[in-house]
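Coordinates in review
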Amino acid sequence: LVRLVQKNEFLALGSTAAWNPELLRFFGPLDPAITHEDTAFSFRSWLIGDIVEVRQPLVLYRTHTSNISNRISAVPITPEDYRNRERRLARWALGALPHVRQHARDVERAFERGRISADERRVLLEVIDQRLFQEEVRGRWFDSTPSIRARFLLEAVRRNDRSLVTWCTLRS
């Protein structure tokens, strides 16, 4: 589950999943700012240990270079293409913040209701805090002053977040 939070890989895409209504009764409603409920419901399912995977392909999922969340990397052709792509990804990162905050609330609810241990709660909340910081930096980087960028970088170093240090360094 920690790896899933770190990489934001929760298995089920909305078009490929069915959700048990018990998830809403157990965790309550989603934050209205959530735009990808499949991520939230997958995370909730993992938290309570209730996921069943069908290993047979049942849908065709189309990806292309214009998708912001795809696995196909579009190679920017010009510096302007690169800047536009980076800004789209920054908007994506800011859009992820409500999702990550929802994960923290769901961890608390799962702990309160005895579905995860205190140690699991602690580890998950640490990883969620790290993801929140990463998404905040990636989302606000391009509109920040050099001094704020330096603070982001120093905080990434303090947190020993090597991937974020690299990300910031490459964009400095």
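Now for a look at the structure at hand. Model, not experiment: these values are computed from the prediction.

Re the overall build of the protein
Along the backbone of the protein there are seven helices and zero strands. Starting at the N terminus and ending at the C terminus, the protein contains elements arranged as α-α-α-α-α-α-α. Contacts in the protein between residues at least 24 apart in sequence constitute 65% of all its contacts with a sequence separation of at least 6. Total accessible area computed for the protein in this model is approximately 11100 Å², and 54% of it derives from carbon and sulfur atoms.

Section: the packing of aromatic side chains
Scanning all chains against the criterion turns up five aromatic pairs. Consider the rings of Phe26 and Phe27, whose centres lie 4.7 Å apart with planes at 70°: the pair is edge-to-face. For the residue pair Phe26 and Phe27, the accessibility class agrees, reading buried in each case. Pairing Phe142 with Trp167 gives two aromatic rings, centres 6.3 Å apart and planes at 75°, and the pair type is edge-to-face. With Phe142 in the loop between helix 5 (118–140) and helix 6 (146–158) and Trp167 in helix 7 (residues 162–170), the pair connects residues that are 25 residues apart, well separated along the chain.

Quick notes on the side chain of Asp106
Residue placement: Asp106 occurs in helix 4 (residues 79–112). On the basis of relative accessibility, which here comes to 1%, the residue Asp106 falls in the buried class. In this structure, Asp106 is in contact with Phe27, Phe43, Arg44 and Leu47, ignoring residues within four places of it in sequence.

Concerning the packing of helix 5 against helix 6
Running from N to C, helix 5 and helix 6 point in directions that differ by 155°, and their axes come no closer than 11 Å. In terms of axis orientation, helix 5 runs roughly antiparallel to helix 6. Judged by the sense of rotation from one axis to the other, the crossing of helix 5 with helix 6 is left-handed. Side by side, helix 5 and helix 6 meet where Phe133, Val137 and Arg140 of the first sit next to Phe152, Glu155 and Ala156 of the second. Among the residues forming the contact of helix 5 with helix 6, the class breakdown is four nonpolar, no polar and two charged.

Observations concerning the nonpolar core
If you look at the biggest cluster of nonpolar residues, it comprises 18 residues, and the most contacted ones within it are Phe27, Leu47, Val107 and Ile128. Secondary-structure elements contributing two or more residues to this core are helix 2 (22–27), helix 3 (37–47), helix 4 and helix 5. Sequence-distant contacts of Ile128, defined by excluding residues within four places in its chain, comprise Val5, Phe43, Val100, His103, Ala104 and Val107. By size, the runner-up hydrophobic cluster in this structure holds eight residues, among which are Val137, Ala156, Trp167 and Cys168.

A closer look at the pattern of salt bridges
One pass over the full model with this rule turns up 14 salt bridges. Asp143 serves as the salt-bridge partner of Arg87, at 3.5 Å between the closest nitrogen and oxygen. Taken together, the residues span a long stretch of sequence, with Arg87 in helix 4 and Asp143 in the loop between helix 5 and helix 6 at a distance of 56 residues. The exposure class of Arg87 is partly exposed, given its relative accessible area of 38%. A relative accessible area of 68% means that Asp143 is categorised as exposed. One salt bridge in this structure joins Arg159 and Asp129, with 3.2 Å as the shortest N-O distance. One end of the pair, Arg159, is in the loop between helix 6 and helix 7; the other, Asp129, is in helix 5, with 30 residues separating them in the sequence. Linked through salt bridges whose partners overlap, the residues forming this network are Asp129, Glu155, Arg158 and Arg159.

Scoring rules and cut-offs
- Residues numbered from 1 in each chain as written.
- Predicted model: local features only at pLDDT ≥ 70, side-chain atom pairs only at ≥ 80, totals over all residues.
- Heavy atoms only, no water.
- Helix = DSSP H or I, 4+ residues; strand = E, 2+ residues; numbered from the N terminus.
- Contact = heavy atoms within 4.5 Å.
- Areas by Shrake-Rupley, 256 points an atom, 1.4 Å probe, with all protein chains shown as cover.
- Phe/Tyr/Trp six-rings, centres within 6.5 Å; stacked < 30°, edge-to-face > 60°.
- Buried < 20%, exposed > 50% of the residue type's maximum accessible area, 1.4 Å probe, protein only.
- Axes fitted to C-alpha atoms, helices over the stretch in contact; angles between N-to-C directions.
- Parallel < 35°, antiparallel > 145°, perpendicular 65-115°, else oblique.
- Left-handed = near helix turned anticlockwise from the far one by under 90°.
- Nonpolar A, V, L, I, M, F, W, Y, C, P; charged D, E, K, R; others polar.
- Core = buried A, V, L, I, M, F, W, Y, C linked by side-chain atoms within 4.5 Å.
- Salt bridge = Lys/Arg side-chain N within 4 Å of Asp/Glu carboxyl O.

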